[in-house]
Amino acid sequence: MSDGPDAIPAGDLPLSAQAPGKCIVFGEHAVVHGGPELLFAIDLATQVIVRRAPRSSLNGDPEAAGEHPYFRALLRQAWAGPADLEVRAISRIPRGAGLGSSAALCAALSCAVSARGGGVPRADLAQRSFEVEKAAQGVGSPGDTSAAVAGGFLTVNAARTGLALWEVHDGAARWEVRRLPDPGWVWVVAHSGVPRSTGDAVRAVGSRLRAADGPALLAEFRRVAEEGIDAVEAGDRAAVGRLMRRNHELLREVGVSHPRLEELLRAAEPLSEGAKLTGAGAGGSIVALPRPGSETELVRRLARAGALPFVVRPATAGASLVAPP
Ligand code: MEV
């Protein structure tokens, strides 16, 4: 049953749903281990169209039901039948770029099948979307899927401020998700084009944090994210930039930077308050907070440095049912 004004309503197939990608400003990786995170949903989305069919398929490929990790996880975790599902997915989020394309796919698919199941409160959709992503990836936190479900600016594990939205759990682990006001800034993201696996990066950081200095590193991740969240709330762009640079040093220390990301960060430096890798790293993207008025020149510089840059703004809407195209 759905409830509340913001719930996903009941619907019958065929259904179409969309969900946004995300950009992490502070706290990726540490969030998996209970640290605070700040992220926002971006104005690039994935849309799915879901129909009954004699045989399940994703974008015309029936093998995907057994082989595509996220589609297979959805069919196992979230779809109780009675029919097979034909899914078409159209995404504007670059894949493998650290911008939440898999979380958006999980949230959009979970939204459509939950509507078919009678509707769902948004908090339950956040839990379901995380379960699908976790089943596919094997590791991770519910930050990305919560951004895809909630939209807007969010914190995870930062109970000092913001409006409580929901808690997502996984066995004994619990993550609290809260909404913050959008500071109204424009951000620049640049995709390096270097592919990577979120699961592999998360596992590698997990082993690194089991070393003797792991607890001290985690404490520093926590301090930087907490101060970063305070700086965003205070509208202090210079402090946000400084803390983004410090967050990146920590991510480099736990082994998830990449020579291409370092080049892009050097290119962004003169025109940014601060910049860092965003997402799992080891490839993927950087995010920069441009100096006011430098957005276009920063995009040009990053393109000249060989990246796929774009300006992103927070998307207010989270996962929702939409009219089929
Ligand atoms: C990936 O976008 C963010 C990580 O923190 C993993 C996760 O939270 O699931 C690296």
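Thresholds, definitions, all that
- Residues numbered from 1 in each chain as written.
- Predicted model: local features only at pLDDT ≥ 70, side-chain atom pairs only at ≥ 80, totals over all residues.
- Heavy atoms only, no water.
- Helix = DSSP H or I, 4+ residues; strand = E, 2+ residues; numbered from the N terminus.
- Rg over C-alpha atoms; globule rule 2.2 N^0.38 Å.
- Buried < 20%, exposed > 50% of the residue type's maximum accessible area, 1.4 Å probe, protein only.
- Phe/Tyr/Trp six-rings, centres within 6.5 Å; stacked < 30°, edge-to-face > 60°.
- Lys NZ or Arg CZ within 6 Å of the ring centre and 35° of its normal.
- Salt bridge = Lys/Arg side-chain N within 4 Å of Asp/Glu carboxyl O.
- Arc of directions from axis to C-beta.
- Contact = heavy atoms within 4.5 Å.
- Polar contact = N/O pair within 3.5 Å; in protein donor to acceptor, adjacent residues only side chain to side chain.
- Domains from an automatic or database assignment.
- Nonpolar A, V, L, I, M, F, W, Y, C, P; charged D, E, K, R; others polar.
- Pairing = 2+ DSSP bridges.
- Axes fitted to C-alpha atoms, helices over the stretch in contact; angles between N-to-C directions.
- Expected span 1.5 Å × (residues − 1).
- Core = buried A, V, L, I, M, F, W, Y, C linked by side-chain atoms within 4.5 Å.
- Near = heavy atom within 4 Å.
- Areas by Shrake-Rupley, 256 points an atom, 1.4 Å probe, with all protein chains shown as cover.

## Here we look at the overall build of the protein chain
Part 1 of the reasoning: A count of helices and strands for the protein chain gives 10 helices and 12 strands.
Part 2 of the reasoning: Its C-alpha atoms give the protein chain a radius of gyration of 19 Å, within 12% of the compact-globule value 20 Å for 325 residues.
Part 3 of the reasoning: Once the C-alpha set of the protein chain is aligned to its principal axes, its extents read approximately 55 × 40 × 35 Å.
Part 4 of the reasoning: In the protein chain, buried positions account for 56% of the 325 residues.

## Quick look at the packing of aromatic side chains
Part 1 of the reasoning: Tallied over the entire structure, the rule returns 4 aromatic pairs.
Part 2 of the reasoning: Between F130 and W175, the ring centres sit 5.7 Å apart and the planes meet at 65 degrees, which makes this aromatic pair edge-to-face. On the criterion of sequence distance, the pair formed by F130 in helix α4 (residues 122–137) and W175 in strand β7 (residues 173–180) is long-range, its members being 45 residues apart.
Part 3 of the reasoning: Ring pairs connect the aromatic residues F40, F153, W185 and W187, which therefore count as one cluster.
Part 4 of the reasoning: In this structure, R237 packs its charged tip against the face of W185, placed 5.2 Å from the ring centre.

## With respect to the pattern of salt bridges
Part 1 of the reasoning: Counting across every chain of the model gives 22 salt bridges.
Part 2 of the reasoning: Here E263 ties to R260 by a salt bridge, and the two come within 2.3 Å at their closest N and O atoms. Here E263 pairs with R260, and both are found in helix α9 (residues 259–268), just 3 residues apart, close to one helical turn.
Part 3 of the reasoning: According to the relative accessible area criterion, R260 is buried, its value standing at 18%.
Part 4 of the reasoning: Residues R300 and E297 are paired through a salt bridge, measuring 2.9 Å at the closest nitrogen-oxygen approach.

## Considering helix α6 (residues 198–208)
Quick reminder: α-helices carry 3.6 residues per turn. Residues three or four places apart thus point the same way.
Part 1 of the reasoning: Inspection of α6 places G199, A201, V202, V205 and G206 among the buried residues, and these make up the whole buried set. Buried residues along α6 cover an arc of 165 degrees about the axis, so they all sit on one side.
Part 2 of the reasoning: Residues of α6 that are buried sit in contact with α4.
Part 3 of the reasoning: Two or three places before G199, at the opening of α6, S197 has a side-chain oxygen 3.4 Å from that residue's backbone nitrogen.

## Considerations on the domain arrangement of the protein chain
Part 1 of the reasoning: By domain assignment, the protein chain separates into domain 1 (15–182) and domain 2 (187–312).
Part 2 of the reasoning: Between the C-alpha centres of domain 1 and domain 2 there is a distance of 22 Å.
Part 3 of the reasoning: Listed by partner, the interface residues are 35 residues for domain 1 and 40 residues for domain 2.
Part 4 of the reasoning: Joining domain 1 to domain 2, the criterion identifies 2 salt bridges.
Part 5 of the reasoning: Seen at the junction of domain 1 and domain 2, the total is 12 residue pairs in polar contact (both at pLDDT 80 or more).
Part 6 of the reasoning: Of all elements in the fold, only β1 (15–26), β2 (37–53) and β5 (153–156) reach the threshold of two or more residues within the side of domain 1 that touches domain 2.
Part 7 of the reasoning: By residue number, the principal contributor to the side of domain 1 that touches domain 2 is β2, which donates 6 residues.
Part 8 of the reasoning: A class-by-class count of the residues in the side of domain 1 that touches domain 2 yields 18 nonpolar, 11 polar and 6 charged.

## Brief notes about the sheet that holds strand β10 (residues 285–290)
Part 1 of the reasoning: In spatial order, the strands read β9-β10-β8-β11; together these 4 strands make up an open sheet with antiparallel pairing. Only two strands of the sheet have a single partner each, and these edge strands are β9 (272–278) and β11 (308–312). Strand-to-strand twist in this sheet, taken as the mean axis angle between neighbours without regard to direction, amounts to 20 degrees.
Part 2 of the reasoning: As defined by bridge partners, strand β8 (residues 187–191) adjoins β10 across 4 bridges and the pair is classed as antiparallel.

## Remarks on α4
Part 1 of the reasoning: Relative to the 22 Å expected for 16 residues at 1.5 Å per residue, α4 spans 22 Å between its end C-alpha atoms, a close match to the ideal helical length.
Part 2 of the reasoning: Those residues of α4 that sit buried are R122, L125, A126, Q127, S129, F130, V132, E133 and Q137.
Part 3 of the reasoning: Contacts from the buried residues of α4 go to α2 (69–77), α3 (101–116), α5 (143–150), β6 (163–170), β7 and α6.
Part 4 of the reasoning: Among the residues trailing α4, G138 stands out with phi positive, at a value near 85 degrees.

## A closer look at the nonpolar core
Part 1 of the reasoning: Counting 102 residues, the largest nonpolar core has F26, L85, W187, V240 and L302 as the members making the most contacts within it.
Part 2 of the reasoning: Looking at which element gives the most residues to this core, the answer is α3, with 10 residues.
Part 3 of the reasoning: Taken domain by domain, this core gets at least three of its residues from each of domain 1 (15–182) and domain 2 (187–312).

## Observations regarding the pairing of β5
A regular strand places its side chains so that they alternate between the two faces of the sheet.
Part 1 of the reasoning: Covered by surrounding structure in β5 are F153 and T155 together with L154 and V156, the residues of both alternating faces.
Part 2 of the reasoning: With 4 bridges connecting them, β5 and β7 associate as antiparallel partners. Counted as the bridge partner of L154 is R179 from β7.

## Re the site of the ligand
Part 1 of the reasoning: Around the ligand, the structure places K22, I24, E28, H29, V31, V32, G140, S141, D144, V202, G279 and A280.
Part 2 of the reasoning: A distance of 2.8 Å is found between an oxygen atom of the ligand and a backbone nitrogen or oxygen belonging to H29.
Part 3 of the reasoning: Taking S141, its side chain carries an N or O atom lying 2.6 Å from an oxygen atom of the ligand.
Part 4 of the reasoning: For the ligand, whose unbound accessible area comes to 300 Å², protein coverage reaches 98%.
Part 5 of the reasoning: Tallied by class, the residues present in the shell around the ligand amount to 5 nonpolar, 4 polar and 3 charged.
Part 6 of the reasoning: Looking at the shell around the ligand, you find at least three residues from each of domain 1 (15–182) and domain 2 (187–312).

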